[in-house]
Structure formats: C-alpha cells, structure tokens
Amino acid sequence: MLEIDASGRLRHLIGLEHLPRERILALLDRADALRAASRDGTRPLDTLRGRTVVNLFFEPSTRTRTSFDLAAQRLGAHVVNFDIASSSTVKGESLLDTVHTLEAMRCDAFVVRHKESGTPEYIARHLRSNAAVLNAGDGNRAHPTQGLLDALTLRRHAGDPASLCVTICGDIRHSRVARSDVHAFAALGVREIRLCAPPELAPAPSEFPQCRLFDDFDAAIAGADVVVMLRLQKERMQAAAIPSEAEYFARYGLSAERLRRAQPQCVVMHPGPINRGVEIASDVADGERSLILEQVANGVFVRMAVLAELLGVDARSA
Amino acid sequence: MLEIDASGRLRHLIGLEHLPRERILALLDRADALRAASRDGTRPLDTLRGRTVVNLFFEPSTRTRTSFDLAAQRLGAHVVNFDIASSSTVKGESLLDTVHTLEAMRCDAFVVRHKESGTPEYIARHLRSNAAVLNAGDGNRAHPTQGLLDALTLRRHAGDPASLCVTICGDIRHSRVARSDVHAFAALGVREIRLCAPPELAPAPSEFPQCRLFDDFDAAIAGADVVVMLRLQKERMQAAAIPSEAEYFARYGLSAERLRRAQPQCVVMHPGPINRGVEIASDVADGERSLILEQVANGVFVRMAVLAELLGVDARSA
Amino acid sequence: MLEIDASGRLRHLIGLEHLPRERILALLDRADALRAASRDGTRPLDTLRGRTVVNLFFEPSTRTRTSFDLAAQRLGAHVVNFDIASSSTVKGESLLDTVHTLEAMRCDAFVVRHKESGTPEYIARHLRSNAAVLNAGDGNRAHPTQGLLDALTLRRHAGDPASLCVTICGDIRHSRVARSDVHAFAALGVREIRLCAPPELAPAPSEFPQCRLFDDFDAAIAGADVVVMLRLQKERMQAAAIPSEAEYFARYGLSAERLRRAQPQCVVMHPGPINRGVEIASDVADGERSLILEQVANGVFVRMAVLAELLGVDARSA
C-alpha cells in the first residue's frame, strides 16, 4: 500500500479513504498533543529540526500554504516555498524532474497542491527517496488535512460524534473537501451524513453509499447538528443552471433563517475562503455558531501532527 | 485610543500623530539599545522566539519589506511573507477574512502596506485577537517607521535637534513620508521645519501649522541643517505641470550647487528609492553629506524596536 | 585581485579562472567535510549564525536558487529571497542602489544570477561593505558553483582525474557551464577535455587552447570516461541551422547507443534541467550511468562550502 509501509508506518498522506479509523483518530490525538506542547502554537518545538519541507503549490492558496508553512516552521523545520511561476517549470522541466531534484537536495516532505486529481499520488509513486508526500488538495479528489481539521473541529466543538447528524451542502460533485470530510467524519463515527447539492452538481449516487443525498437544502438541514457549507466556484454556477448568486443563495445559501431549521445548538463550518452572500450569509459566518476560525486554528495543529507523524524521529528512524 | 491600550501599552503603530513625544523617544532609545545588543545586527536575538510576523504587502517594496523581514528574523520570530498576487485574494477573499484567518493561525503582527490610506487602521479596528498592526506605508497618509528612522538618523548624525532647521522638499501633498517625518521631527524638538513643493503639489496650508511652506527651493534650503528629499512619483509630474524630469530637477532637484545654499555641515536624507537626476543629483546622493544608507541601516533597528515593543515579553505578557 | 584579498582570503566567487588550483581543491575538500559534519545535510549547523544571505535572482531558476537557499539555511544563516518582479526594481531603482541598500541592512552575501555576463563582477567592484558576491550564473560567462559541483561529482564517482577523458557536448559557445567546468576539471588535473558542438555553436578556437574541439559527437565521445551534456536553449537551434529537436538529438543527443562508443564505465552528467529527447535520451538520463542527481546533491554541499569559506568565522574575522 502506498500510504502505509510494510512495518505499518505512515509514509504519505494522499487521501483518507485508505487510512484505518484508528490511524485517523491517532492523528487527531497527536494534533491535540501538539497544541498543548506548543502552548497553542506560541512555543516553538524542534521535532523536525534539520528536516526540510517543500511547499509545492501549483494553485494559489492563502490559508493552506501559510498553514503548512507555519506548521513546519513551528516544528523547527527548514521550509522552501516553491513559487511555481518563477521556477524552472517555465523552462519546461517536468514535474518529476523537479521532484527528483528536490529529493536529491534532501528535502524530506513535499506538500503538494495541484488542480489535477492524482498528482500527489503520482509524485508519491515516483519518489526515489524516502521523502513523504502530503496532499494539500488535488482537483476534485481529496484534501485530507482539511478532512482531518474538520473532524478535529467537530470533535472539539460539537459533542459526541455518535449522536451527530452532519449536513454538507454545495457543489458536492466537484468538492475535494466534501470527499475528505465524509471519510474523516465516518472515522469519527458520526451518526448520519447528509449531502445536499443542486441536481447538476450532485455526486454519482454510488459514490457515497453511506450518505443520504438531498437537493432540497431546507430538507437536508432539518434537525442537523453540524452544517458544512462548501465554497461555490463561480464558474460552476452556470453548469448548475443557476442564473445568479442571489438565486444560489436563495436555494442553497445558509441564512440565519434557514439555520433555524437545524438543531438549536447546530454549529456551522466552511473550509474558506467564504463567498459572503453566495453560499453563506455574513451574519452566520461571523455569528456565534460559526466554527470557521476554529477550523483555521485547528488546521495548523493537524498539519503539525501529520508532518510530525510522517517525518518525526518516532515515525521514521530507529 | 486605538494605538495605546488602557494600561498604557503600545498596541499598534498606525501613525505618529497620536504618540506622545516620550514614547517616540523611547522607541528611538530602544532602537539604539537593540543595535548594541545585536552587535550592529550581526548577533541574532531571541526576543520574539515563537512569535509570528506576517508581511502583508499590497504594494511592491524592496527596502521596507526586506527591512521588516530582517528585523523580525534577527529577533528570532517566524516570518511569513504574503505574496498578495499569488494568494487567495485572487479568489476574491476579503481583506478582513484574510486577516482573521491569519489571526486564527496565531500570527502576532501584521506589517501592512497598502495604497489606500487608512487600511492599517481599518485592520487594527477589526482584529479579533491581540495581534499588532504595523503600518508600513498607507496611501498618502503615514509611514511611521520611516518617520522614526529618519528621526533616529537625524538624532545620531545632525547634532542637537533644538538647534536644527530641516527642509523637506518634493511632492509634500501626496507624501506619507513627509507627514510622518514632520511628526517625528517635532517630537525630537527640531527648531524649524520647512516644507517645499511645487504649488500644485503643496499641502493644504492648514495641515502643517507648525511648518513654514515654500515653493522656491532656493529660499527653502537657505541656511538649512538637514534636507530631506522626497521621491518624485513620475505620474505626479504632469499634475504639477512640469514638462520634464530635467525641468523638475532644475527647479526642485538637489544639486551640489544648490546644497551650498544650506549650512556648511548640512546633511542630506532621502527615503529611497532615489530617482537620480530627478529629485537628487548622483554626486549629492553618493556624497559625504548623504545619510541615505545610514537611514537604511537605522531602519532595521527601528523596526526591531517597534516589533519588540509591540510583541515583546515586556510589552505584552505578565 | 578582486576575488582574493591582500591577505589571501577568498572574498568573492565570480569565476574559477582566477582561482589557484589548490584553492579549488580546498573548496571541494570543504564540501566533503560539510557533508560529513551535517550528516548528509540532515543535521543543521550554526556556522553562519547571525549572517544574512540574499538570493538576488534576475533569471528564474529552480535548482540553483533552492540549492543556495538550503545551503544557507542549513548553515544557520538568515535568508532573504529577492523576488525581482515584485521588488522596487519595478520602480526603476538601479541595481547598485538595491545592492547598497541591502548592504546597509547588513546583508553578508549576495548570490547573483543575471542574464548579462559580468553582473556579479560589476556588483563586487562597487560594494561598499565587506559583503561577498557569489556568482550563480551570469550570461554566457561563468557558473562557478556548477563547475565546482561537477568537479566534486567527477572526483567522487569517476576515479582518478589524471586518467580521465571528459567530453562536453552541446552549445559550447553560449554555455557558462562549459566554461566553468573546463576550469574546474583542469584544476582537478583531468587528462583530456574534449568540447563538441554544432559548428554554429562552437567556441572560438582560441578560447579553449587546452581542449580538443569536435563537431562530430560520435568522434568526440569515442573512448570518453565522462560525458557532460549541456542543455539546449531551444532558441539556439535556429542559429545552429538545425531544423528540429529530433534532428538535434540525432546528431548531438546522447542515446544509449551512442553512449556505447564511450568507455564501458563512462558516467553521464548534465547540469539540468534536462530536455528529454533533445540533448539526452530519457533512458540514459535515468540510467545507472547517470550522475545527474548526484550533481544536485553535491551542489548543496559545494554551496555550503563556498558560503562558509566566504562568510565563516575562520575566513573573515580574527
């Protein structure tokens, strides 16, 4: 198996679908432990002293790249941020030649974001060293650290998973976040997962056998304990035959009024960046039920946990 | 008050106009102390160990961004340089959502440069953590670390402020440097501040009641002890009805000949980057009266002082 | 002499042509020593603690910039990566004003890549501090750390230099790599150096009196112990009157078949990034005779050695 080696060690984080439940929970526990050890991120650690982490981002990203950058710095690693536009890829060097070159320079981890699904796995399959690949989002396929941080946020702020009903709403078909969330929430043992999308943006029914599918958001949110709203890529609206952002918001946006159909304690999540007034109302995004900034905070600890697991002394050497 | 909290601690550095004179002098003293403690910048300190400084530059800048970057690194902080062009702002995330996201990641300071006046203050008013905002230049309004470093340079190299006459020449109307310099020089107790600009680029007379306004540079420089030349934004020349760079230089440029109208020991300052042959002659910029590179050197220590004051253990905790 | 001061210390690395043989060998020895001391690059050193290295790249580069970045970080230096496109050079600041500004901020080393030959030397001649300039590739002229790393690779993997025949093939006329390699290989005492190029891309015969010139690759490679293939700049093909990449490969590309004309143990080098199927066949580039990734690995140690030599305590102070 690509992600776990013969001795049972985690080698890469490509997706969550192949990770046993216990391993996902252990990563969340490690994130909590790193939160404590780093005093909420204010005390630098030297877990990864001497290691080198490369951020290989082929798509722009504020939060994910910075989150990985800080996670690696706070663990004492050297960080190289690869600006793809200014790199030799402009000279036509192939992706794998770039990776092999960085491996030869003793880079220990590649944090990869790419618009093509499967790129991180492709890189992992062609490595020549024992470097680790961390998927930071590939196409529609997976965004595993987002899944983990959402699960961590849910575990910390939404009570016993076994009693929870979670509704994920938006462009499920094209969402790597939804895919990783479903795996992570299932690992937590969430009672019910509902997926809601406009019909044109719904997933193939066979893809999520463990979830209930909706196209009516009012029905999907009824009684939910957690709502995860997805970012609407504006170019998808046309595909969904939705004439305007206002129309999308009316049908699939999370307003305070609609939120009242959920459980009274229902919390709200969103991977960000948010489109205010498109998939979520500003008063909900900024309201007291919103966990959006908790997700961001948890993201750094989850990424520290994954880096430490993949590169740390305990996980690699000895 | 936004910049100083109830207990009297400095929370942000937005401008110099609200800072009491003693506090400005204390920052200059701290810059001198950090120069000594860091052995002129060659000995790294750990004053900000575990802290995270974000450079949020929405305008390009060589010297200011690098100066803050080095100041933070030399104090032991983690630094994140935000490349705005490649960040999620391209996905339309709002400025405040970006800031709140970075706060959630436990960033302790935002160094902000923006072409819109008031952006750093706007950010500071909407923070959700106890992070600090450092204005690195906003529109025409303020560039407080430039004011401080110019004051430090003047204090170190131009003798007793109470006896000095300082002439600032250029596009005063649109200059954030001039505004911050006037506040900083006034705090030092400079005897006389003269502002000289082409009529179309002169400030409103009411804005600088403590300064003498000139539009004839020969008159403004007569007997001066310090001359501060401002960079001419080329697009302003047309507004000033000045037909060419040569014409601007003839009327408002600092030549060696014109400098002879000042005091014999008169020193020359410029915030950089300089336009050689436009607002300043090369032989003056590179001459022995020029303090331009001293300003650059002092800039790093001033920024270390401001960061240490805003984020340091003494200023924040306990 | 620009590169070596009166006391015999190495001040800059501009090219290899002025460096005595013993000094080149000493740099290679120091690279080997740093490999050991850093445990193959995994143990961070503090040789350059408190020093600041600036990467001033006016041309895009994956491997060289990252290699210098990692070399400096692994020696404990502060690193500033100058993104030229986003810097004040867009405001028209001159190259020397940028350099003098960075010197005033106490930057200790400038790693310079520029498309104009002579830029690093020009900078070194106009410094105002005792900073060091490291040429990271200037025009057609020199790429001295590439020469050193190729020599180190050859010394480690190709046996006794005095018995070796080395063939360098490609656009010799415009190649800074070829120029630096010839100097470095000569310093090692390589028995024979052959240069092979299409007639239109051949060097002036007077430039390399110590080399044998070829335009027939089959002849040039016959009996060689080492083949160094150069990257073909696609825009040169027209100048060489070569109608296609396939045609170039047929005449000057390194195929497995052609490699059989060399010695049985012949090793293959290339500075990268490679054009697969243009100057080198994929099976050769990825084959067991290829030292391409060894070159990359050695590059980090060579750059550590040069930085340590130029900036280290032993070389500068006391």
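Residues numbered from 1 in each chain as written. Chains lettered and ligands numbered in written order. Predicted model: local features only at pLDDT ≥ 70, side-chain atom pairs only at ≥ 80, totals over all residues.

Quick look at the overall build of chain A now. Across its full length, chain A holds 13 helices and 9 strands. Viewed in the frame of its principal axes, chain A has a C-alpha envelope of about 55 × 45 × 35 Å. Per-residue burial over chain A gives 58% buried out of 318 residues. Sequence separation of 24 or more characterises 76% of the internal contacts of chain A that already satisfy a separation of 6 or more. (Helix = DSSP H or I, 4+ residues; strand = E, 2+ residues; numbered from the N terminus. Buried ≥ 20, exposed ≤ 12 C-beta atoms within 10 Å, placed from the backbone. Contact = placed C-beta atoms within 7 Å.)

Mapping chain A onto chain C leaves a residual RMSD of 0.0 Å; the transformation is a rotation of 120° accompanied by 0.0 Å of translation along its axis. Between the two chains, the operation in question is that of a three-fold axis. (Least-squares fit on C-alpha atoms with pLDDT ≥ 70 in both.)

This brings us to the sheet that holds strand S9 (residues 267–269) of chain A. Residues and elements named next belong to chain A. In spatial order, the strands read S7-S6-S5-S8-S9; together these 5 strands make up an open sheet with parallel pairing. Strand pairing shows two members of the sheet lacking a second neighbour, strand S7 (212–214) and S9, which therefore form its edges. Here the strands of the sheet are splayed against their neighbours by 20° on average, with no regard to which way each runs. Judged from the 4 bridges that link them, strand S5 (residues 165–169) and strand S8 (residues 226–229) form a sheet pairing that is parallel. By the bridge assignment for S8, Ile-168 is matched with Val-228. (Pairing = 2+ DSSP bridges. Axes fitted to C-alpha atoms, helices over the stretch in contact; angles between N-to-C directions.)

Turning our eyes to something else, we now look at the pairing of strand S8 (residues 226–229) of chain C. Residue and element names in this part refer to chain C. Neither face of S8 is exposed, since Val-226 and Val-228 on one face and Val-227 and Met-229 on the opposite face are all buried. In terms of strand pairing, S8 meets strand S9 (residues 267–269) through 3 bridges, oriented parallel. Residue pairing across strands places Val-226 opposite Val-267, the latter belonging to S9.

Turning to the interface of chain B and chain A, a few remarks are in order. Tallying the contact residues gives 19 residues for chain B and 23 residues for chain A. Secondary-structure elements contributing two or more residues to the side of chain B that touches chain A are strand S2 (78–83) and helix H3 (95–104) of chain B. A per-element tally of the side of chain B that touches chain A places H3(B) first, with 6 residues. Its residues assigned to classes, the side of chain B that touches chain A shows 5 nonpolar, 9 polar and 5 charged. (Nonpolar A, V, L, I, M, F, W, Y, C, P; charged D, E, K, R; others polar.)

The subject of this paragraph is the interface of chain A and chain C. Frequently, the measure chosen for interface size is the accessible area that the parts lose on association. Chain A puts 19 residues into the contact, and the matching count from chain C is 23 residues. Those elements that place two or more of their residues in the side of chain A that touches chain C are strand S2 (78–83) and helix H3 (95–104) of chain A. Among the elements that take part in the side of chain A that touches chain C, H3(A) stands out by supplying 6 residues, more than any other. Partitioning the side of chain A that touches chain C into residue classes produces 5 nonpolar, 9 polar and 5 charged.

Here we come to the confidence of the model for chain A. Looking at chain A, pLDDT values average 93 and 95% of them are 70 or higher. Both scores are available for the predicted complex, with the pTM at 0.94 and the ipTM at 0.94. (pLDDT = per-residue confidence, 0-100.)

Of all hydrophobic cores here, the largest spans 326 residues; its most connected members are Ala109(A), Phe110(A), Leu307(A), Phe110(B), Leu307(B), Phe110(C) and Leu307(C). Residues contacting Leu307(B), with those up to four places away along its chain left out, are Leu48(B), Val53(B), Ala71(B), Ala72(B), Leu75(B) and Ala109(B). (Core = buried A, V, L, I, M, F, W, Y, C linked by C-beta atoms within 7 Å.)

Residues and elements named next belong to chain A. The domain boundaries assigned to chain A delineate domain 1 (21–143 + 297–316) and domain 2 (144–293). Taking only C-alpha atoms, the centre of domain 1 and the centre of domain 2 are 26 Å apart. The interface of domain 1 with domain 2 comprises 23 residues on the first partner and 21 residues on the second. Every element with two or more residues in the side of domain 1 that touches domain 2 is listed here: helix H1 (21–37), strand S4 (132–138) and helix H12 (292–311). The residue inventory of the side of domain 1 that touches domain 2, partitioned by class, reads 10 nonpolar, 8 polar and 5 charged. (Domains from an automatic or database assignment.)

Moving on to the pairing of strand S4 (residues 132–138) of chain B. All names here are of chain B. Of all 7 residues that make up S4, 7 are buried, and the element is covered over most of its length. Across 5 bridges, the pairing between strand S3 (residues 109–114) and S4 is parallel. Each residue of the ladder has a partner; that of His-114, found in S4, is Asp-138. Since S3 and S4 lie parallel, the crossover through helix H4 (residues 119–125) that links them has a hand, and here it is right-handed. (Right-handed = clockwise from strand over helix to strand, strands pointing away.)

This brings us to the environment of Leu70(C). Along the chain, Leu70(C) falls in helix H2 (residues 63–74). You can call Leu70(C) buried: it has 24 C-beta atoms within 10 Å. Between the alpha carbons of Leu70(C) and Leu230(C) there is a distance of 25 Å; along the sequence they are 160 residues apart. In contact with Leu70(C), not counting residues within four places along its chain, are Thr52(A), His78(A), Val80(A), Met105(A) and Val300(C).

Now for the packing of helix H12 (residues 292–311) of chain B against helix H3 (residues 95–104) of chain C. Following both chains from N to C, one finds H12(B) and H3(C) inclined at 50°, their axes separated by 8 Å at the closest point. In this view, H12(B) runs oblique relative to H3(C), as classed from their interaxial angle. Here H12(B) and H3(C) pass one another in a crossing that is right-handed. Across the interface between the two elements, Leu293(B), Val296(B) and Ala297(B) from H12(B) touch His100(C), Thr101(C) and Ala104(C) from H3(C). Its residues assigned to classes, the contact of H12(B) with H3(C) comprises 4 nonpolar, 2 polar and no charged. (Parallel < 35°, antiparallel > 145°, perpendicular 65-115°, else oblique. Left-handed = near helix turned anticlockwise from the far one by under 90°.)

Attention shifts here to the environment of Gly41(A). By the secondary structure assignment, Gly41(A) is in the loop between H1 and strand S1 (52–57). On the basis of neighbour count, Gly41(A) is assigned to the buried category, with 21 C-beta atoms found within 10 Å. C-alpha separation for the pair Gly41(A) and Arg74(A), spaced 33 residues apart in sequence, amounts to 7.2 Å. Once you skip the residues sitting within four places of it in the chain, Gly41(A) turns out to touch Arg74(A), Val300(A) and Arg106(B).

With that settled, the discussion passes to unusual backbone geometry. Residues and elements named next belong to chain A. Note the cis peptide between Gly-272 and Pro-273, where omega equals -10°. When you line up the elements, Pro-273 lands in the loop between S9 and helix H11 (282–285). Its identity as a non-glycine residue notwithstanding, Arg-106 has a phi of 70°, on the positive side. Looking at where Arg-106 falls in the secondary structure, it is placed in the loop between H3 and strand S3 (109–114). Given 21 C-beta atoms within a 10 Å radius, Arg-106 is considered buried.

So, on to helix H5 (residues 144–157) of chain B. An α-helix turns once per 3.6 residues; consequently, residues spaced three or four apart project the same way. Residues and elements named next belong to chain B. With 14 residues, H5 should reach 20 Å at 1.5 Å per residue; the first-to-last C-alpha distance of 20 Å fits that figure. Burial analysis of H5 places 12 of its 14 residues in the buried class, the great majority of the element. Within the sequence span of H5, burial applies to Pro-144, Thr-145, Gln-146, Gly-147, Leu-148, Leu-149, Asp-150, Ala-151, Leu-152, Thr-153, Leu-154 and Arg-155. Packed against the buried residues of H5 are helix H1 (21–37), S4, helix H6 (176–188), strand S8 (226–229), strand S9 (267–269) and H12. Once H5 ends, the next one or two residues include Gly-159, with phi positive near 80°. (Expected span 1.5 Å × (residues − 1).)

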